[in-house]
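Spelled out from the first residue to the last, the chains are:
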Amino acid sequence: MDLSAGDCDRGRGVVLNSRVRIEVPAGSGFGRTHLPYGVFRPMGEQPRVGVRLGDSVIDLAVALDDPMFAQPSLNAFMTQGPQCWREVRERVTVAADAELPAAAVHPIHAVSLDLPIEIGDYVDFYASLDHATALGRMLRPNGDALLPNWRHLPVGYHGRSGTVVVSGTEIARPSGQRKTDSDTPDFGPSRRLDIEAELGFVVGAGSPLGTPLGTGDFDAHVFGVALVDDWSARDIQAWEGQPLGPFLGKSFATSLSAWVTPLDALAKARIPLPPQDPEPLPYLRDTDPWGLDIELTVAWNGQVVSTPPYRRMYWSPAQMLAHMTVNGASTRTGDLFASGTVSGPERAERGSLMEITWAGTDPVTVNGVQRTFLQDGDEVVITASAPALDGTRLTLGEVRGTVKPA
Ligand code: CA
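Just so you know, these numbers come straight off a predicted model, no measurement behind them.

Caption draft 1: Structural view of helix H8 (residues 317-325). The buried fraction of H8 amounts to nine of the nine residues, a majority that puts the element mostly inside the structure. Buried residues in H8 make contact with strand E9 (122-125), strand E16 (197-203), helix H5 (218-221), strand E17 (222-229), strand E22 (290-292) and strand E25 (336-338).

Laid out in structure tokens, this is it:
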């Protein structure tokens, strides 16, 4: 990286006596009211916590002169709790509008991005009515689309936190026992490798064993949101998942975006939750049930194949947290719980290839070619946007992955 004073690309700002004010390009989804957190690594240097503004990254350890941010994850910061999160966001907001020391500003293209959090436990829900209905119709064409429990609790399973990887990490096609048309499996690389476009929620402040959290406790414990791609090997999943559910068909990799958007940045994206029928049990009720108006986009080899609407999700993030802890299970800083596939009722709103291609029976045209599941070399990019505090739209950090051979 060229650090000479005349380098106008440095932070896309103007260097003034070694201080710089970051210019935000028009239409950027990373404006001054977004300010997502991540962990970045300038070339040859140690990872540390940064905030994205426009096409720049602000090094918080330098800009705020605080060693809490000279860390390889957000955990030390997140564990401080919501009052600290608010105070830091106020300081970052001031810094983002000020002239910063040039050493605190890095162009986004000159840094690498690490996994932003040290993941504790990872839970994946199944909170979309449209997704659960579509899967139910495929799996039980002659029965009820929804199983009897679905409208009573947010169904979920425990995933594998150690294989959560940062956006951009290549995904090796998994091998395993594959379902065939008979009662005997075969073994080999998955032939039905899929994506699931999801929203993830990051626990910042944990809760002790034996203390269930209510729906009203969400803001005191959840730090922010990030996009998730829950890679899924459908042929492995279909064989192994009877009767206990997802295991090796999911645990080979889950991609997380490099940027975590603080909850406060999404205040204008909060909308009423769609009606729930029947009324859930008291521990799942909320005085003011809220969802999120976030529009996801799935691009397959550069072609947009779907725009899943988060606003239609049946179970709210606060209900997921309440359900996850109702048995007294603790939560810890860095725990990640994801929404499950975000889907709408239309084909172009579905968040998995399983649904878009109806289990591979209805191919979709991608760049002029008929496609069903992922081939080696395919790239999937999930992006999302939401109303920002300043009336524009913010862009969540993307989650990107390319499939490499088994
Ligand atoms: Ca999932």
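Caption draft 2: Layout of the environment of Ser73. Tracing the chain through its elements places Ser73 in the loop between helix H1 (60-63) and helix H2 (75-78). With 25 residues separating them in the primary sequence, Ser73 and Arg48 have C-alpha atoms 7.1 Å apart. For Ser73, the contacting residues outside a window of four places in its chain are Val39, Val49, Pro116, Ile117 and Glu118. Within polar-contact distance, the side chain of Ser73 engages the backbone nitrogen of Asn75 at 3.1 Å.

Caption draft 3: Inspection of the domain arrangement of the chain at higher detail. Annotation of the chain at the domain level lists domain 1 (6-114) and domain 2 (122-404). The straight-line distance from the C-alpha centre of domain 1 to that of domain 2 is 29 Å. Taken residue by residue, the interface counts 27 residues in domain 1 and 27 residues in domain 2. Buried area between domain 1 and domain 2, both sides added, is near 1,900 Å², and the carbon and sulfur share of it is 70%. Taken as a group, Thr33, Met78 and Trp85 account for 28% of the area that domain 1 buries against domain 2, more than any other trio of residues on that side. Inspection of the domain 1/domain 2 interface yields zero salt bridges. Our count for the contact surface shared by domain 1 and domain 2 stands at four residue pairs in polar contact (both at pLDDT 80 or more). Within the residue set of the side of domain 1 that touches domain 2, elements represented by two or more residues are strand E3 (37-42), strand E4 (48-53), H2, helix H3 (82-96) and strand E8 (111-114). Examining the composition of the side of domain 1 that touches domain 2, we find that four residues originate from one element, H3, more than from any other. Grouping the amino acids of the side of domain 1 that touches domain 2 by side-chain chemistry returns 14 nonpolar, nine polar and four charged.

Caption draft 4: Representation of the coordination of the calcium ion in the model. Coordination of the calcium ion by the protein comes from Asp124 (OD), Glu196 (OE), Glu198 (OE) and Asp230 (OD), over a distance range of 2.2 to 2.3 Å. Written as a sequence motif, the donor residues of the calcium ion are D-x71-E-x1-E-x31-D. Separated by 72 residues along the polypeptide, Asp124 in strand E9 and Glu196 in the loop between strand E15 (193-194) and E16 bring together distant segments of the chain. Glu196 gets classed as buried once you look at its relative accessible area, which sits at 5%.

Caption draft 5: Representation of the side chain of Asp124. Although Asp124 lies buried, it forms no salt bridge, and the closest oppositely charged side chain, Lys250, sits 5.1 Å away as judged by the N-O distance. In this structure the side chain of Asp124 is engaged in a polar contact, spanning 3.3 Å, whose partner is the backbone nitrogen of Gly340. Apart from residues no more than four positions distant in its own chain, Asp124 is found in contact with Val155, Gly156, Tyr157, Glu196, Glu198, Asp230, Ala338, Ser339 and Gly340.

Caption draft 6: Just the pairing of strand E5 (residues 56-59), in detail. In E5, alternate side chains face the same way, and those of Ser56 and Ile58 on one face and Val57 and Asp59 on the other are all buried. In textbook terms, the turn of a hairpin is the stretch between consecutive antiparallel strands, and for E4 and E5 this stretch comprises two residues, one of which, Gly54, has a positive phi near 60 degrees. One ladder, built from three bridges, connects E5 with strand E7 (residues 105-107); its direction is antiparallel. Paired with Val57 across the bridge in E7 is His106.

Caption draft 7: Expanded view of the pattern of salt bridges. Under the criterion given, the structure shown has 24 salt bridges. Between Arg41 and Asp114 there is a salt bridge, with its nearest N and O atoms 2.5 Å apart. Of this pair, Arg41 sits in strand E3 while Asp114 sits in strand E8, placing them 73 residues apart in sequence. With relative accessibility at 32%, the residue Arg41 sits in the partly exposed group. Within the structure, one salt-bridge network assembled from shared partners comprises Asp194, Glu196, Asp230, Arg234 and Lys250.

Caption draft 8: Seen up close, the environment of Pro107. Here Pro107 lies in strand E7. For Pro107, a relative accessible area of 6% gives the class buried. Separated by 227 residues in the primary sequence, Pro107 and Gly334 have C-alpha atoms spaced 27 Å apart.

Caption draft 9: The arrangement of the environment of Arg160 in detail. Along the chain, Arg160 turns up in the loop between strand E10 (156-158) and strand E11 (164-166). Considered as a pair, Arg160 and Val123 are 37 residues apart in the sequence and their alpha carbons are 8.3 Å apart. When sequence neighbours within four positions are dropped, the list of residues in contact with Arg160 reads Tyr122 and Ser251.

Caption draft 10: Structural context of the sheet that holds E7. Spatially, the five strands line up as an open sheet ordered E7-E5-E4-E3-E8, and their pairing is antiparallel. Both edges of this open sheet fall to E7 and E8, since each of them pairs with a single strand only. With direction set aside, neighbouring strand axes in the sheet form an average angle of 45 degrees. Note that E3 and E4 share four bridges and pair antiparallel. In the sheet register, Tyr37 faces E4, and the bridge partner there is Val51. Sheet strands touched by H3: E3, E4 and E5. Its angle to E3, the strand with the most contacts, is close to 55 degrees.

The rules behind the values
- Residues numbered from 1 in each chain as written.
- Predicted model: local features only at pLDDT ≥ 70, side-chain atom pairs only at ≥ 80, totals over all residues.
- Heavy atoms only, no water.
- Buried < 20%, exposed > 50% of the residue type's maximum accessible area, 1.4 Å probe, protein only.
- Helix = DSSP H or I, 4+ residues; strand = E, 2+ residues; numbered from the N terminus.
- Contact = heavy atoms within 4.5 Å.
- Polar contact = N/O pair within 3.5 Å; in protein donor to acceptor, adjacent residues only side chain to side chain.
- Domains from an automatic or database assignment.
- Buried area = accessible area lost by both parts, 1.4 Å probe.
- Salt bridge = Lys/Arg side-chain N within 4 Å of Asp/Glu carboxyl O.
- Nonpolar A, V, L, I, M, F, W, Y, C, P; charged D, E, K, R; others polar.
- Donors = N, O, S within 2.8 Å, 3.2 Å for Na, K, Ca; no water.
- Lys, Arg positive; Asp, Glu negative; His and termini not counted.
- Pairing = 2+ DSSP bridges.
- Axes fitted to C-alpha atoms, helices over the stretch in contact; angles between N-to-C directions.

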